[in-house]
Amino acid sequence: QVQLVESGGGLVQPGGSLRLSCAASGIIFSTYGMAWYRQAPGKQRELVAAITSTGSTSYATSVKGRFTISRDNAKNTVALQMNSLKPEDTAVYYCFAATVVSGPRNYWGQGTQVTVSS
């Protein structure tokens with residue numbers, strides 16, 4: 001059974017930092033590209049950051065320079081370090097895993113709420 005379990009969300013003031021973590025199980029983690037998406041109320045889900053199985057990263061323009069995605073293949077985890085948070089970063093953040101090895105598959109976590117407010 002595949003599970004992606006996010007943690008680390010919460011309430012933070014503007015300018016603050018949070019670190020999200022996603023623990024994966026039931027997959028060969030090193031063969032998966034990983035990503036973080038977010039969805040704010042009334043808006044479509046959007047890609048925030050991604051990291052390939054070989055460690056290449058990419059970011060949405062809105063978070064570039066503030067957020068950092070990283071992975072630890074030994075621990076089957078992917079993290080999102082979020083600095084200089086803004087109210088517009090408020091959303092539910094989802095962990096996403098995808099592979100094409102032995103056929104295309106993808107999985108979502110259940111999401112974790114991030115609220116940036118004073």
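To start, this report covers the structure provided alongside it.

### Quick word on the environment of Ser84
Inference 1: One can find Ser84 in the loop between β8 (77-82) and β9 (91-99).
Inference 2: Taking the C-alpha atoms as reference points, Ser84 and Val63, 21 residues apart in sequence, are found 9.5 Å from one another.
Inference 3: When sequence neighbours within four positions are dropped, the list of residues in contact with Ser84 reads Gly15, Gly16, Ser17, Arg66 and Asp89.

### Re the nonpolar core
Nonpolar side chains in soluble globular proteins tend to be buried together.
Inference 1: In this structure, Met34, Trp36, Val78, Leu80, Met82 and Tyr93 are the most contacted members of the largest nonpolar core, which totals 29 residues.
Inference 2: Counting only elements with at least two residues in this core, the list comes to β3 (18-25), β4 (33-39), β5 (46-51), β7 (67-72), β8, β9 and β11 (112-116).

### Considering the pattern of salt bridges
Inference 1: Evaluation of the coordinates by the stated rule reveals three salt bridges.
Inference 2: A salt bridge links Glu46 to Arg38, with the shortest nitrogen-to-oxygen separation between them at 2.7 Å.
Inference 3: Shared partners join several salt bridges into a network, and the residues in it are Arg38, Glu46, Arg66 and Asp89.

### Describing the side chain of Thr112
Inference 1: Inspection of the secondary structure puts Thr112 in strand β11.
Inference 2: At a separation of 3.4 Å, a polar atom in the side chain of Thr112 contacts the main-chain amide nitrogen of Gly9.
Inference 3: Apart from residues no more than four positions distant in its own chain, Thr112 is found in contact with Glu6, Gly9, Leu20, Ala91, Val92 and Tyr93.

Analysis parameters
- The numbering scheme is per chain: residues are counted from 1 as the chain's sequence reads.
- Predicted model: local features are reported for residues with pLDDT of at least 70 only, side-chain atom pairs are reported and counted for 80 or more only, and whole-chain, interface and lining totals are derived from all residues.
- Computation of side-chain values covers all heavy atoms of the structure but excludes hydrogens and water.
- The numbering of helices and of strands both runs from the N terminus, where a helix is a DSSP run of H or I of at least 4 residues and a strand a run of E of at least 2.
- Residues count as neighbours in contact if any of their non-hydrogen atoms are within 4.5 Å of one another.
- Definition used in this section: a nonpolar core is a set of buried Ala, Val, Leu, Ile, Met, Phe, Trp, Tyr and Cys residues joined via side-chain atoms within 4.5 Å.
- For the exposure calls, accessible area comes from a 1.4 Å probe over protein chains only, and a residue counts as buried if that area is under 20% of its type's maximum, exposed if over 50%, partly exposed in between.
- Here, a salt bridge means any side-chain nitrogen of Lys or Arg that lies within 4 Å of a carboxyl oxygen of Asp or Glu.
- Each polar contact in these results corresponds to two N or O atoms within 3.5 Å; when the atoms are within protein, one needs to be able to donate a hydrogen and the other to accept it, and residues that are neighboring in sequence are counted only if both atoms are side-chain atoms.

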